[in-house]
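# Per-entry structural report
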Amino acid sequence: MVNYKVADEGLAEKGSEALYIAENKMPITAKIIRKRFEKEKPLKGTTIAGCLHVTKETGNLARTLKAGGAEVYLCGSNPLSTQDDVAAALVKEGINVFAWHGNTDEEFYWCIRQCLNARPNILIDDGADMIVTAHKEFPELIEDGTIIACQEETTTGVKRFRAMDKQGVLKVPLFPVNDARCKNQFDNELGTGQGIVSAIYGMHVLFAGKVCLICGYGHCSSGMALRARGLGANVIVTEVDPIKALQAKFAGYQVMPITDALPIADIILTATGCKHVIAPTKEMFDNLKDGVILGNLGHFDIEIPTKELYEYAKQIKPIRSNVEELIFPDGKKVYLLAKGRLANLVLSEGHPSEVMDMSFALQSLMSEYIVKNKDLLKPGMLTVPAEIDDQVGFLKLKAMGVEIDSLTEEQFNYIHGFHEGT
Ligand code: NAI
């Protein structure tokens, strides 16, 4: 029996088409690993719950875990990122899905609880909401050993778990999959980098000649700065980390405090994982340029102070799906993408499947690793084994038909030794 609540089961056919498109662009997750999982069933007897953006790529991760023998439960990790057609198609394939686009905060947590009610053995989170809920509301799943280990997909989630670990309240073995090389150097940089397309989709805006303010110069934001410059924008970067700021400066961007950048920015895109990157004050709002586009690609909707902007605006006018014109008391207009939520997921289907292939290959192989090593795992922050990271790298290269060199024995001994010098 499949347990589910989705928006409209009638969308399943359209969802299957989307899953097929992604499958063909995810050779490692949806072909190589899935084929092996089908044969070996390494996840047999395991229940896996994912709190992830329910997209066509996540759908293919769910199919691969199911092919490996797991019972899979899925809920959304953001109220606006669920692709309803994909959710409906997955239900038809026997995956338990509790997700629909536009759910309220209360519904969001209801969906998480439905997944936890299934007594999952592995939790795959994106932003930490499911695992934190398990700690707060389902402690018996941790105490009685039902939950073997957990995986986290994004930077913000990893930061929350590091904080829990530091305070001694993280009670499960936690693998920060986000921190694997095959994840954040590709998904975050390339995927979110290309996410500026969401601003283009939202407003049909020409980047060339515009001043584009990128807040942050981390994995996601440096990718966004590069793409915005490639489209001909004059890019300004704001940072709080001196080394990141230097990297941005030496990469040729203007770097300045946000108060100096706001009055001249035509497009502002945030991806910092921080709160109130634009401070929620009248002074800051009045500093914004008339017609500015505001888009956030960080995990939560508080980088751009959405709630306070809505309160400050005298009129909020939806101008297209998930794009609003906010008219300020002085008549100034600003354009908010995706209600301040992950604009790339809300407005343009999230990261390309090719890049999610690597993230979800890691999640698939880590699920297998957890089952194999379940008796050895201790609560706290762990690390994705380098061999799994490398394996994903090699598989991706192979799938792309790219060959590389390998070290000779002499070279290996040289770079791992100290005897040879001047
Ligand atoms: P990161 O840690 O590599 O980069 C964040 C950067 O922002 C750091 O350099 C930090 O110094 C800077 N920063 C922090 N507070 C700031 C402030 N107030 N003003 C200016 N800069 C500030 O993190 P990463 O991997 O780039 O992730 C950023 C956010 O994007 C996280 O919330 C993450 O969960 C999310 N994310 C979103 C994705 C999407 O699909 N939209 C995909 C992957 C991550």
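What follows concerns the pairing of strand β15 (residues 333–337). β15 sits mainly inside the fold: four of its five residues count as buried. Pairing of strand β12 (residues 293–296) with β15 involves two bridges; the strand directions are parallel. Along β15, the bridge assignment pairs Ile293 with Tyr335. The pairing of strand β14 (residues 323–327) with β15 spans five bridges and is classified as antiparallel. Its bridge partner lying in β15, Val323 is registered against Leu337. As consecutive antiparallel partners, β14 and β15 are separated by five residues, and within that stretch Gly331 has a phi angle of approximately 95°, a positive value.

Spanning 14 residues, helix α9 (residues 181–194) covers 19 Å between terminal C-alpha atoms, matching the ideal 20 Å at 1.5 Å per step. The largest bend along α9 reaches roughly 25° and is located at Asp187. Inspection of α9 places Cys182, Lys183, Asn184, Asp187, Asn188, Gly191, Thr192 and Gly193 among the buried residues, and these make up the whole buried set. Buried-residue contacts for α9 involve α8 (155–166), α11 (219–230), α17 (353–372) and α18 (386–399).

Looking now at a nonpolar patch on the surface. A contiguous nonpolar patch, built from Phe394, Met400, Val402 and Ile404 and spanning about 420 Å² of accessible area, is present on the exposed surface. Its place among the elements puts Val402 in the loop between α18 and α19 (409–415).

For the rest of this paragraph, the subject is the site of the ligand. Around the ligand lies a shell of 27 residues, among which Thr154, Thr155, Thr156, Glu239 and Leu297 are the nearest. At a separation of 2.9 Å, an oxygen atom of the ligand approaches a polar side-chain atom of Asn344. Its free accessible area being 850 Å², the ligand has 88% of it covered by the protein chains. Elements with a minimum of two residues in the shell around the ligand: α8, α9, α11 and α16 (343–348).

Our focus in this paragraph is unusual backbone geometry. The general pattern is negative phi for most residues beyond glycine and trans for most peptide bonds. Although it is not a glycine, Asn322 sits at a positive phi angle of roughly 60°. Its identity as a non-glycine residue notwithstanding, Ala338 has a phi of 55°, on the positive side. Mapped onto the elements of the fold, Ala338 is located in the loop between β15 and α16.

Once that is clear, we can look at the pairing of strand β9 (residues 234–238). In terms of burial, β9 is a largely internal element, four of the five residues being buried. Summarising the sheet, strand β8 (residues 211–215) and β9 pair through five bridges and their orientation is parallel. For Val211, the partnering residue across the bridge sits in β9 and is Asn234. Regarding the hand of the β-α-β motif, the stretch spanning β8, α11 and β9 is right-handed. Here β9 pairs with strand β10 (residues 254–255) via two bridges, running parallel. Pairing of Val237 across the sheet is with Val255, part of β10. Once you follow β9 into helix α12 (residues 242–250) and on to β10, the crossover reads as right-handed.

What counts, and where the lines are drawn
Residues numbered from 1 in each chain as written. Predicted model: local features only at pLDDT ≥ 70, side-chain atom pairs only at ≥ 80, totals over all residues. Heavy atoms only, no water. Buried < 20%, exposed > 50% of the residue type's maximum accessible area, 1.4 Å probe, protein only. Helix = DSSP H or I, 4+ residues; strand = E, 2+ residues; numbered from the N terminus. Pairing = 2+ DSSP bridges. Expected span 1.5 Å × (residues − 1). Bend = angle between axes of the 7 residues up to and from the residue. Contact = heavy atoms within 4.5 Å. Patch = residues over 30% accessible without salt bridge, like charges linked within 9 Å, V, L, I, M, F, W, Y side chains within 5 Å. Areas by Shrake-Rupley, 256 points an atom, 1.4 Å probe, with all protein chains shown as cover. Salt bridge = Lys/Arg side-chain N within 4 Å of Asp/Glu carboxyl O. Near = heavy atom within 4 Å. Polar contact = N/O pair within 3.5 Å; in protein donor to acceptor, adjacent residues only side chain to side chain. Right-handed = clockwise from strand over helix to strand, strands pointing away.

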